[in-house]
Amino acid sequence: MENFNNYKSMADGVAALMHPHAEVVIHDLKTQEIVYLANNYSNREIGSPSHMDEVEFTGGDRVLGPYRKVNWDGKILKSISVVMRNSNDQAEAMICINLDMSEMNRMHQVLGMMLGAPEEGLKEGKPEENNGKQSEKVDALFRDDWHERINISIQDWLKENGLSLQALGRSQKRDLVIALETKGAFQGQGSANYVARCLGLGRATVYKYLKEQRGSA
């Protein structure tokens with residue numbers, strides 16, 4: 001575990017240097033779990049599944065990304081994943097650095113209006129200027145990431161209903177929980193807890209809404 005202690009120190013250093021904009025997540029590739037979070041703003045938990053067991057890390061794989069993700073609150077994150085290897089060159093950990101781009105995007109929009117520069121579209125979960133092989137590996141990181149699917153589903157529902165997450169009332173939060181249930185969002189381990197944290201609800205309240213919905217189905 002000495003290596004992981006070093007990884008955690010590095011995570012704390014990166015998060016401190018870029019505070020409050022950077023979150024650093026350490027995945028243990030052996031246990032397939034999140035083992036450390038520095039400046040956690042993604043609402044994930046230590047012990048949550050990593051879902052990287054199907055990703056093949058060849059000897060040349062060191063850095064994946066940058067790629068873009070969407071956070072639970074709709075903010076765009078620019079992320080990069082670094083493969084950490086032990087003395088036997090075996091991939092033992094993945095360190096993911098997530099950078100909140102919301103402030104920089106706002107600055108870009110203001111400068112774009114001032115300078116007449118066209119605004120570039122953003123694509124969530126897609127690598128920037130990566131070759132095809134690396135793109136496949138980044139896609140594999142997202143394939144079973146229910147956190148990412150829930151984040152996107154929340155933002156899609158808010159957009160469809162012309163609402164913001166901060167302004168949701170209790171009945172609207174219930175409607176959102178039910179909408180997520182119809183999309184199969186609660187199949188992942190710990191997904192109900194994650195949704196509860198994102199919506200500012202108690203875990204028991206989310207389970208109550210799910211029980212009512214499943215009982216009426």
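Everything here concerns the structure above.
The structure displayed is predicted, hence computed values, not measured ones.

A. Representation of the overall build of the protein chain. When helices and strands are counted, the protein chain shows 7 helices and 5 strands. For the protein chain, the N- to C-terminal ordering of α and β elements is α-β-β-β-β-β-α-α-α-α-α-α. Counting over 217 residues, the protein chain shows a buried share of 45%. In the protein chain, of all internal contacts separated by at least 6 residues, the share reaching a separation of at least 24 is 55%. With the model as given, the accessible surface of the protein chain reaches about 11,900 Å², and the carbon-plus-sulfur share is 50%.

B. Broad picture of the nonpolar core. Core analysis: the largest hydrophobic core is formed by 24 residues, its most contacted members being Ile154, Val177, Phe186 and Val206. Counting residues per element, the ones that place at least two in this core are helix H4 (146-161), helix H5 (170-182), helix H6 (191-199) and helix H7 (203-216). Element by element, the count of residues in this core is highest for H6, at 6 residues. In contact with isoleucine 154, other than residues within four places in its own chain, are Trp72, Leu165, Leu176, Leu180 and Cys198.

C. Main features of the packing of aromatic side chains. Evaluation of the coordinates by the stated rule reveals 2 aromatic pairs. Note on phenylalanine 4 and tyrosine 7: the rings are 5.4 Å apart at their centroids and 65° apart in plane angle, and the pair reads as edge-to-face. Separated by 3 residues within a single helix, phenylalanine 4 and tyrosine 7 lie in helix H1 (residues 2-17), roughly one turn from each other. Tyrosine 7 matches phenylalanine 4 in its accessibility class, with the two residues each being buried.

D. How the structure looks around the pattern of salt bridges. All told, the structure shown has 5 salt bridges when counted by the stated rule. Residue arginine 197 is joined to glutamate 45 by a salt bridge in which the shortest nitrogen-to-oxygen separation is 3.2 Å. On the criterion of sequence distance, the pair formed by arginine 197 in helix H6 and glutamate 45 in the loop between strand S2 (33-38) and strand S3 (63-70) is long-range, its members being 152 residues apart.

E. Broad picture of H6. Across the 9 residues that make up H6, a large majority, 8, are buried. When we look at burial in H6, the residues that qualify are Ser191, Ala192, Asn193, Tyr194, Val195, Ala196, Cys198 and Leu199. The secondary structure elements touched by the buried residues of H6 are H4, H5 and H7. Just beyond H6, the residue with positive phi is glycine 200, at close to 70°.

F. Inspection of the environment of alanine 11 at higher detail. Examined against the element boundaries, alanine 11 turns out to sit in helix H1. Alanine 11 gets classed as buried once you look at its relative accessible area, which sits at 1%. Placed 12 residues apart in sequence, alanine 11 and glutamate 23 show a C-alpha to C-alpha distance of 8.4 Å. Excluding anything up to four places from it in sequence, alanine 11 contacts Val24, Ile26, Tyr36 and Ala38.

G. Quick peek at H7. For H7, spanning 14 residues, the distance from its first C-alpha to its last is 20 Å, which sits close to the expected 20 Å at 1.5 Å a residue. For H7, the full list of buried residues reads Thr205, Val206, Tyr209 and Leu210. All buried residues of H7 fall inside an arc of 135° around its axis, so they share one side. Every exposed residue of H7 that faces more than 90 degrees away from the buried side is listed here: Arg203, Ala204, Lys211 and Gly215.

H. Highlighting unusual backbone geometry. The omega torsion of the bond from histidine 19 to proline 20 falls at 5°, within 30 degrees of zero and hence cis. Across the junction of glycine 65 and proline 66, the peptide omega takes the value 10°, indicating a cis bond. Assignment of secondary structure puts proline 66 in strand S3. With a phi angle near 65°, aspartate 89 is a residue other than glycine that sits in the positive phi range. Tracing the backbone through its elements, the reader meets aspartate 89 in the loop between strand S4 (76-85) and strand S5 (91-100). Assessed through its relative accessible area of 37%, aspartate 89 is described here as partly exposed.

Cut-offs used in this document
- Residues numbered from 1 in each chain as written.
- Predicted model: local features only at pLDDT ≥ 70, side-chain atom pairs only at ≥ 80, totals over all residues.
- Heavy atoms only, no water.
- Helix = DSSP H or I, 4+ residues; strand = E, 2+ residues; numbered from the N terminus.
- Buried < 20%, exposed > 50% of the residue type's maximum accessible area, 1.4 Å probe, protein only.
- Contact = heavy atoms within 4.5 Å.
- Areas by Shrake-Rupley, 256 points an atom, 1.4 Å probe, with all protein chains shown as cover.
- Core = buried A, V, L, I, M, F, W, Y, C linked by side-chain atoms within 4.5 Å.
- Phe/Tyr/Trp six-rings, centres within 6.5 Å; stacked < 30°, edge-to-face > 60°.
- Salt bridge = Lys/Arg side-chain N within 4 Å of Asp/Glu carboxyl O.
- Expected span 1.5 Å × (residues − 1).
- Arc of directions from axis to C-beta.

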